[in-house]
Amino acid sequence: MAADRQGRQVDDWRSPGGARPVKGFIDGLSKPVKAKVGAALAMLEELGNRLHLPHSRALGGGLFELRITHSEGPFRVVYCYLPGRRIVLLHAFVKRTREIPKSDLDLARARKPAGD
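### Some words on the nonpolar core
Now for step 1: One finds V37, L44, L66, I68 and L89 to be the most contacted residues of the largest nonpolar core, which totals 18 residues.
Now for step 2: Every element with two or more residues in this core is listed here: α1 (21-27), α2 (31-47), β3 (63-68), β4 (75-82) and β5 (86-94).
Now for step 3: If you tally residues by element for this core, the top one is α2, at five residues.
Now for step 4: Excluding residues that lie within four positions of it along the chain, I68 makes contacts with K36, V37, A40, P74, F75, R76 and V77.
Now for step 5: Membership of the second largest hydrophobic core comes to 11 residues, among which are L63, V78, L82 and L90.

As structure tokens, this is what we get:
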């Protein structure tokens, strides 16, 4: 993923073995959904912490959700901010319940870099 004019960089989380589950999730989406996710990520790159509801919402503990609506969704991408104007996408999923499942939040928290 790339930096915008202001130097903000959005990247996806990678496991110690190099797996990229967020990228894999996005790559597996239909073409129309990928386009919507791409547009939402572009807004996140451009606006960073100025992106608010209905597109983004704080989840607490330094986690945020990018909210993408689509007839095949809704989709969520959980992310965090790091020093140096960096944003890391930690987890992505189809939201099937009113609240984000604890297991999805726990996974995102486990992937969040320590000390941030």
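Structure's up, so let's keep going.
### As for the side chain of D12
Now for step 1: Locating D12 in the fold gives a position in strand β1 (residues 9-12).
Now for step 2: Within polar-contact distance, the side chain of D12 engages the side chain of R14 at 3.5 Å.
Now for step 3: Reaching out from D12, the side chain makes a polar contact with the side chain of R20 at a distance of 2.7 Å.

### Observations regarding unusual backbone geometry
Now for step 1: At the junction of L53 and P54, the peptide bond is cis and its omega measures out at 10° in the coordinates.
Now for step 2: Within the secondary structure, P54 is located in the loop between α2 and β2 (56-60).
Now for step 3: We note that R85 has phi near 60°; this positive angle belongs to a residue other than glycine.
Now for step 4: Locating R85 in the fold gives a position in the loop between β4 and β5.

### Remarks on the confidence of the model for the protein
Now for step 1: Summary statistics for the protein give a mean pLDDT of 91 and a share of 92% for residues scoring 70 or more.
Now for step 2: Segment residues 1-5: pLDDT under 50, and 15 contacts once partners within four positions in sequence are set aside and those in other chains are kept.

Rules used throughout
Residues numbered from 1 in each chain as written. Predicted model: local features only at pLDDT ≥ 70, side-chain atom pairs only at ≥ 80, totals over all residues. Heavy atoms only, no water. Core = buried A, V, L, I, M, F, W, Y, C linked by side-chain atoms within 4.5 Å. Buried < 20%, exposed > 50% of the residue type's maximum accessible area, 1.4 Å probe, protein only. Helix = DSSP H or I, 4+ residues; strand = E, 2+ residues; numbered from the N terminus. Contact = heavy atoms within 4.5 Å. Polar contact = N/O pair within 3.5 Å; in protein donor to acceptor, adjacent residues only side chain to side chain. pLDDT = per-residue confidence, 0-100.

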